[in-house]
There are 4 protein chains.
Amino acid sequence: MNYKNILEEIKSEVEPLIGSGKLADYIPELANVSPSHFGIELRFIDGVSYAVGDTNIPFSIQSISKVFALTLAIKLVENYVWKRVGVEPSGNAFNSLVQLEHENGIPRNPFINAGALVISDILISNLKQPKNELLEFIRKISNNQKININKKVAASEKENGYRNAALANMMKSFGNIKNDIDEVLDLYFFMCSIEMTCSDLSEAFLLYSNHGVLPNGNEKVISLSQTKRLNALMQTCGFYDEAGEFSFKVGLPGKSGVGGGIVAVLPGKFSIASWSPELNKKGNSVLSMKALELFTTKTKLSVF
Amino acid sequence: MNYKNILEEIKSEVEPLIGSGKLADYIPELANVSPSHFGIELRFIDGVSYAVGDTNIPFSIQSISKVFALTLAIKLVENYVWKRVGVEPSGNAFNSLVQLEHENGIPRNPFINAGALVISDILISNLKQPKNELLEFIRKISNNQKININKKVAASEKENGYRNAALANMMKSFGNIKNDIDEVLDLYFFMCSIEMTCSDLSEAFLLYSNHGVLPNGNEKVISLSQTKRLNALMQTCGFYDEAGEFSFKVGLPGKSGVGGGIVAVLPGKFSIASWSPELNKKGNSVLSMKALELFTTKTKLSVF
Amino acid sequence: MNYKNILEEIKSEVEPLIGSGKLADYIPELANVSPSHFGIELRFIDGVSYAVGDTNIPFSIQSISKVFALTLAIKLVENYVWKRVGVEPSGNAFNSLVQLEHENGIPRNPFINAGALVISDILISNLKQPKNELLEFIRKISNNQKININKKVAASEKENGYRNAALANMMKSFGNIKNDIDEVLDLYFFMCSIEMTCSDLSEAFLLYSNHGVLPNGNEKVISLSQTKRLNALMQTCGFYDEAGEFSFKVGLPGKSGVGGGIVAVLPGKFSIASWSPELNKKGNSVLSMKALELFTTKTKLSVF
Amino acid sequence: MNYKNILEEIKSEVEPLIGSGKLADYIPELANVSPSHFGIELRFIDGVSYAVGDTNIPFSIQSISKVFALTLAIKLVENYVWKRVGVEPSGNAFNSLVQLEHENGIPRNPFINAGALVISDILISNLKQPKNELLEFIRKISNNQKININKKVAASEKENGYRNAALANMMKSFGNIKNDIDEVLDLYFFMCSIEMTCSDLSEAFLLYSNHGVLPNGNEKVISLSQTKRLNALMQTCGFYDEAGEFSFKVGLPGKSGVGGGIVAVLPGKFSIASWSPELNKKGNSVLSMKALELFTTKTKLSVF
């Protein structure tokens, strides 16, 4: 297959959708991004990659960072993680407090905000310099030492983070946050404000298609079994309350963020990252969703 | 790999779990099944199969029938189906009325009871003899003309079906049931009371691993794209509120029933059916869940 | 005070509100009532009464009948009633299934539909001819042998009663309906379709302001303590999810129905019935709500 | 009636219940109170009062303070108050986040914690020294300049106030908290930690039975209409999710606190305050609930 051509085709097919979504507007930094960006990068585990569009412009990875934080937490204390957070789809919006209240402060899964706050809390308990160590981990698996946070985004998130503060306080009332709430929120907002490119993300996610092994250095970061679990979680819980829709239309495990990025993997084969800032009502990038759907339809490459 | 040996190993490893679950007890016919059965059958798309234990004893397939009914409905009127029922995990128990009330009578997905009642309703509107035609469809894809319902089970289901009647009435109040409620319930209880063996189920599910084509006759029953969608739905919604757990531990699309059966597929490779009547608290067979987990762990065959 | 004048004043003050509400439209019989009716009748326990407007036109009492059914049930088996139904405000719409599901089929109070269905069930278990005996009871306390049901309304209710059938089936699944569901629904729809005038209702409700004693005949129908409990229930649960609003603005125990009627009492003093068919969004009569608010404001007669 | 004798009788009838409840234990200061206290004081609007038991021992008034804060807020900006908070019973526990999430951050009523936090926020926006001015208001209507807070309780509340912090952050995310969250919580915990005796409370609540006028000084604190509304709110929402039970058994508007106090009023007649620290499962004082039930049963004095 001529993957370059396929990606070009996809680009021309999704670009007419620009204008049909809405930028995230809960912080000014996301609302001010130019809405017309689109990039897509496909990377095979043998290292060959195909890039079309804006694949070298860094954007706010937002919730995609939850995958990296969870990977690091699992690497450190896997069994403990599953005592603090579940593995089931939530069936509710990503920032819902309802289930938390009915289920004694145990979040449904690590990809809803409440779950990611618990993962932050676990990282703080298990790392000396959680921010630095998480950032170093991401730089390493992305093979890019220049990855960093956007400080304005981090500050804005904190200023507008009342819903996340509500979640953290709620879980603390049930004893499921161990550290100081401000410290937990601070690490959470730090990871949400990391900026990466499609190229970085496709590189980093090779880990999940390559059974936990870094393609370049042959270093085993997590076990095969841990990788399978992460992929299974992305499949069932990676897209807020649109996980079924994504699984249904795209058929790959993946994760989205309100910065407009989506990354997905075909285990044993490739990773693919797409970015375009306009979101649908569920908070997922309109163009990236469509681009990935077209990709698996055109190539017939999916887990199903 | 020596699959026969692997299945034998699994059998000896799960049998100590007999006694740790509980039989379904909402109707006497299920409560009276001998709890010590266990069978598992693996069937590759080339026709080769491996069977261990009670793979030729028919049991009540219960919710597994929802996959067959949905397949037939999709074959008939695919686009219409997705106007009447969603594709997202429910995050709640299989017979919950809460989401139905909040979401205007549209069930979250076709594998919760409410969703299967809508599928029954669609089949009634689109088939002349819905019971016969559904049964013939199942016999055909299972390659077994002897498959039938258990009349006592069907009668018992009806006598105890108040929760399902509540769901159907609720949806009718929102206009999402078009036919007479008793007729809809009657077809629903009919399909739940179908009896099949592990051998039948592994045969029937080859359809979903073989891209919609019947292995024996080369007949295309549903399209590749429809098959992918059914597999995606089984992955995210096939196990009540334990879909995440199953995806996480087993990593295959599949469907369970309170009769103790579980069937799963690896697209492009095989189907696997397991049966043992004792259930865990979520309504899934204790031994079958464990058997499939052991299978994908031992063989490293999973979608992730 | 010149009560006649006060009622006349109220009439002229509320009539401009005609057109601001909406007729109940779930059955044709209610949707076809002329929307411009308004009547109000005040009746003191000494027998003196004041009537203004359409106080002799019978209308569908709908949920007001729940008070009569509960009174009869309490007269028969008071302690048993409180094992089957609660006494707390529901905080939800009158026909919600959510709380029922969370609370094992025990309705929050006897004035939401689920609660009234349980009361129907109790009457069926305790009366030989439940319909006749309930109707005779209402005729007796209203001192009017001509009171009857509207058969078209009863038939229409039954045809459109899917939500109530859902409630009844749900409770049956929890064991909180003992008789046949159709029989329970039949009695429920029977009582909802009773027609009374403002004059009848003010007569009947003297019972609740007169400590359980019939004013004319001096017959003690229920005890003082039972009367207090019924009044307390009307105060906290008599107006669907607008009980607080009514208590707040009017300050009297009372009960409304979607036929547009509202009856209220000041214990030890009087009863007051108002009717006007247009409803607000919560299902309570726009003009009757305002009329009663004006009455307690003008006369300073309220329990608070 | 010999009220002194009746109160003595009640005391001897409720004392055997000591040991059947449980002290509030979410902060050490409440858990360490001696459980065997009981006091009851009845005060008529003409100034005559009857006291039995521990009526001069100060205890933590906790949620009873919500009535005082609301009274002050209504005095300042009544119409604005009802734009920020509802008047309906919640049907849920006092500290539930669920309804808040479904209803855009508008609390159901001012007596659940979320509602009282909004009232705190309003007081901060409208008073120069909210803590002092609230305390002075309470001292004035209680006619006791010595009333003060317990600083240890206030500090403990703050240390354990994660659930309230969750509520405040949640409402802030919807824009329904205008001031700094810490300041709002600080005032809220301040008011909860005020200590008063049964004697103080019966004095202060005469305001609500005396149509808003201070009995001693003839000063009109709030209007008759405002008083009626406060009484109506206490009737429907004053007892967490036991408002119906209290209305049903006692039949008076009132308010309880987890310090074990309950105050109630008969408008136009009297106020009555009772205290005993052991709570039932709903958070209301076991002995005080029973004592007030016995009082209205023995004296036949209730609004119904």
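Definitions and cut-offs
Residues numbered from 1 in each chain as written. Chains lettered and ligands numbered in written order. Predicted model: local features only at pLDDT ≥ 70, side-chain atom pairs only at ≥ 80, totals over all residues. Axes fitted to C-alpha atoms, helices over the stretch in contact; angles between N-to-C directions. Helix = DSSP H or I, 4+ residues; strand = E, 2+ residues; numbered from the N terminus. Parallel < 35°, antiparallel > 145°, perpendicular 65-115°, else oblique. Contact = placed C-beta atoms within 7 Å. Nonpolar A, V, L, I, M, F, W, Y, C, P; charged D, E, K, R; others polar. Least-squares fit on C-alpha atoms with pLDDT ≥ 70 in both. Pairing = 2+ DSSP bridges.

Draft legend 1. Representation of the packing of helix α6 (residues 130–142) of chain A against helix α10 (residues 198–209) of chain A in the model. All names here are of chain A. Packing of α6 against α10 leaves a shortest axis separation of 7 Å and a crossing angle of 90 degrees. Accordingly, the angle class assigned to the pair α6 and α10 is roughly perpendicular. Seen from α6, the contacting residues are Ile138, Ile141 and Ser142; seen from α10, they are Asp200, Glu203, Ala204 and Leu207. Of the residues belonging to the contact of α6 with α10, the class tally is four nonpolar, one polar and two charged.

Draft legend 2. Molecular detail of the relation of the copies chain A and chain B. When chain A is fitted to chain B, the best match, at an RMSD of 0.0 Å, comes from turning it 180 degrees and sliding it 0.0 Å along the axis. With respect to symmetry, the two chain copies, as superposed, fit the operation of a two-fold axis. When the interface residues of chain A are mapped onto chain B, 100% of them again lie at the interface, so the same face is used by both copies.

Draft legend 3. Representation of the interface of chain C and chain D in the model. Contacts between the two partners involve 28 residues from chain C and, on the opposite side, 28 residues from chain D. Elements represented by at least two residues in the side of chain C that touches chain D include exactly α11 (224–237) and α12 (243–249) of chain C. In terms of residue count, the dominant contributor to the side of chain C that touches chain D is α11 of chain C (eight residues). Here the side of chain C that touches chain D is built from residues that sort into eleven nonpolar, eleven polar and six charged.

Draft legend 4. Representation of the interface of chain A and chain B within the structure. Every contact between the two is made by 28 residues of chain A and, on the other side, 28 residues of chain B. Of all the elements in the fold, those that place two or more residues in the side of chain A that touches chain B are α11 (224–237) and α12 (243–249) of chain A. Top element by residues in the side of chain A that touches chain B is α11 of chain A. It accounts for eight residues.

Draft legend 5. Broad picture of the arrangement of the chains. Between chain A and chain C there is no contact, and the shortest C-alpha to C-alpha separation is 11 Å. When C-alpha atoms are compared, chain B and chain D, though not in contact, are closest at a spacing of 11 Å.

Draft legend 6. Expanded view of the sheet that holds strand β5 (residues 194–196) of chain D. Spatial ordering of the open sheet is given by β3-β5-β4 (chain D), a layout of three strands whose pairing is antiparallel. Looking at strand neighbours, the two that pair on one side only are β3 (59–60) and β4 (148–149) of chain D, the edges of this open sheet.

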